[in-house]
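# Structure at a glance
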Amino acid sequence: LPAVVGTAELLNHVKNGDIIVVDGVTGQVIVNPDEATLKRFHERKVELKRQARKLERLRNLPAMTRDEVQISLQANIDLPGEIDGALEHGAEGIGLYRTEYVFLNRDDVPTQDEQYVELRNIIEGMKGRTVTVRTLDVGNDKLPYSLGEHLGVSANPAMGLRAIRLSLKVQSLLENQLSAILRAGIHGPVRILIPMISTSSEMRQVRQIMKKVATRLRRKKIKIADPLPPVGAMIEIPGAALSADGLARDCDFFSIGTNDLTMYTLAIDRGDEQVAHLYSPLHPAVLRLIQFTTAAALRARIPVNVCGEMAGDERMTAILLGLGIRDLSMASAAVPRVKQRIRGLDLSEATRRAQTIMEQADSGMVAALLDDFNALA
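To start, this report covers the structure provided alongside it. (Residues numbered from 1 in each chain as written. Predicted model: local features only at pLDDT ≥ 70, side-chain atom pairs only at ≥ 80, totals over all residues. Heavy atoms only, no water.)

## Considerations on the overall build of the protein chain
In terms of helices and strands, the protein chain carries 14 helices and 10 strands. Against the compact-globule benchmark of 21 Å for 377 residues, the protein chain has a radius of gyration of 22 Å, which places it among compact chains. Seen through its C-alpha atoms, the protein chain measures out along the principal axes to roughly 70 × 55 × 40 Å. The burial tally for the protein chain puts 50% of its 377 residues in the buried class. Sequence-distant contacts in the protein chain: of pairs separated by 6 or more residues, those separated by 24 or more amount to 66%. As presented, the protein chain carries roughly 18700 Å² of accessible surface, and 51% of it is formed by carbon and sulfur atoms. Treating the 47 positive side-chain charges of the protein chain as one cloud and the 46 negative ones as another, the clouds have centres 6 Å apart. (Helix = DSSP H or I, 4+ residues; strand = E, 2+ residues; numbered from the N terminus. Rg over C-alpha atoms; globule rule 2.2 N^0.38 Å. Buried < 20%, exposed > 50% of the residue type's maximum accessible area, 1.4 Å probe, protein only. Contact = heavy atoms within 4.5 Å. Areas by Shrake-Rupley, 256 points an atom, 1.4 Å probe, with all protein chains shown as cover. Lys, Arg positive; Asp, Glu negative; His and termini not counted. Charge placed at Lys NZ, Arg CZ, Asp CG, Glu CD.)

Structure follows, in structure tokens:
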């Protein structure tokens, strides 16, 4: 559904029966448009449908660059009901399943069995395609009632008790999640993604807990994934990106979360309309952290992908591929657009442009160089 946020006091200027245009592409809301404006948006709607039909033809075609480099495109999902959309748009797997949504809008913590059933439905629904399951990431903008006793008031929730910090403090939460994932792993390939990692010791603790959980399940004669699923770190803290060389020794893969990485790097909350205009994933510092993480993963010969909003923005495709990324995970609806961009790209040219971009010290010049390259395609 088209959506526009940050429209302060909009409802003070709207009454029942008004005609409203919501443009989720440009971020505009137009109240009571005139005939010419309505006609223009009706024409745009027809054009968007035409483009959508054109993109549908790409569903079964590979995401391959003009110089024949294969790129993997996966989907981010929150709920099992989103699987059909992921498959319809041609996703090759689930690059990010956000498990916290099972915990929201309820007064009690979901049981291990409830989590297992939810995971099994997703894994079976993906019909042999890999599902990357992120463990619980709450404590910032997501505050479930069911975990209220563990989540106290924080002056800065984004930097407080959240994600893996909460899971390691309340290990029963992590043990139940890992148990459900290991049990569901017999139904298809899974990977386990740990959010907000900052040190290797956190990854080692997770692995120790997973081994303990696996031993417990085997003793109970409960079938689990064999071998145990790969365990990776979500790189979304600058400290994790800068120590990616060492972190790679304790990880089976990296997943770069560009949303939080940009926020923490620039000290900007994009939800705060007073500073949101300063939020830019094209800031040289953010790009260098992505570059450093990707290079560290390639040296360690572990997979690395991008699962933040940059991955689903076709404007960013060239720079991400040019920096060495070969796996992107995004909202399902973005898969066809990104695939179309990939199929029009020459990777060697994108790599050369990325090298030029990485020499820049100004976000504006970075954006200009990237937009110039995109305009040539």
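## Structural notes on the pattern of salt bridges
The final tally for this structure, using the stated rule, is 21 salt bridges. The closest approach of N and O atoms between Lys 15 and Asp 18, which form a salt bridge, is 3.4 Å. Look at Asp 18 and you get buried, because its relative accessible area is 18%. Between Arg 353 and Asp 372 there is a salt bridge, with its nearest N and O atoms 3.3 Å apart. One end of the pair, Arg 353, is in helix H13 (residues 347–357); the other, Asp 372, is in helix H14 (residues 363–376), with 19 residues separating them in the sequence. (Salt bridge = Lys/Arg side-chain N within 4 Å of Asp/Glu carboxyl O.)

## Quick look at the state of the cysteines
Under the criterion given, the structure shown has zero disulfides. Cys 307 provides the cysteine sulfur closest to Cys 251, a residue in no disulfide bond, and the two sulfurs are 14 Å apart. Given the relative accessible area of 4%, Cys 307 is considered buried. (Disulfide = S-S within 2.5 Å.)

## Thoughts on the pairing of strand E2 (residues 28–31)
Judged from the four bridges that link them, strand E1 (residues 20–23) and E2 form a sheet pairing that is antiparallel. Bridged to Val 21 within E2 is Ile 30. In textbook terms, the turn of a hairpin is the stretch between consecutive antiparallel strands, and for E1 and E2 this stretch comprises four residues, one of which, Gly 27, has a positive phi near 80°. (Pairing = 2+ DSSP bridges.)

## A few points about the packing of aromatic side chains
Taken as a whole and assessed by the stated rule, the structure comprises zero aromatic pairs. Residue placement shows Arg 183 over the ring face of Tyr 116; its charged tip is 4.3 Å from the ring centre. (Phe/Tyr/Trp six-rings, centres within 6.5 Å; stacked < 30°, edge-to-face > 60°. Lys NZ or Arg CZ within 6 Å of the ring centre and 35° of its normal.)

## Some points on the side chain of Thr 99
Within the secondary structure, Thr 99 sits in the loop between strand E4 (94–98) and helix H3 (112–125). A residue is classified by how much of its surface remains accessible, and Thr 99, at 5% relative accessible area, is buried. At 2.9 Å, the side chain of Thr 99 and the side chain of Gln 177 are in polar contact. In this structure, Thr 99 is in contact with Val 133, Arg 134, Thr 135, Leu 136 and Gln 177, ignoring residues within four places of it in sequence. (Polar contact = N/O pair within 3.5 Å; in protein donor to acceptor, adjacent residues only side chain to side chain.)

## Observations concerning helix H12 (residues 335–343)
Buried within H12 we find Val 335, Pro 336, Val 338, Lys 339, Arg 341 and Ile 342. Looking at the packing, one finds that the buried side of H12 touches helix H1 (35–56), strand E3 (72–77), helix H11 (317–322), strand E10 (327–331) and H14.

## Here's the deal with the environment of Arg 204
Within the secondary structure, Arg 204 sits in helix H6 (residues 200–219). When its relative accessible area of 41% is taken as the criterion, Arg 204 is described as partly exposed. Measuring from C-alpha to C-alpha, the distance between Arg 204 and Gln 74 comes to 27 Å, with 130 residues separating the pair along the chain.

## Examining the nonpolar core
If you look at the biggest cluster of nonpolar residues, it comprises 101 residues, and the most contacted ones within it are Leu 73, Leu 247, Phe 254, Ile 319, Leu 320 and Leu 328. Contacts of Leu 73, omitting those with residues within four sequence positions, involve Ala 63, Ala 91, Glu 92, Gly 93, Leu 328, Met 330, Val 335, Val 338, Lys 339 and Ile 342. Leu 96, Leu 193, Phe 253 and Cys 307 belong to the second-largest nonpolar core, a separate cluster that totals five residues. (Core = buried A, V, L, I, M, F, W, Y, C linked by side-chain atoms within 4.5 Å.)

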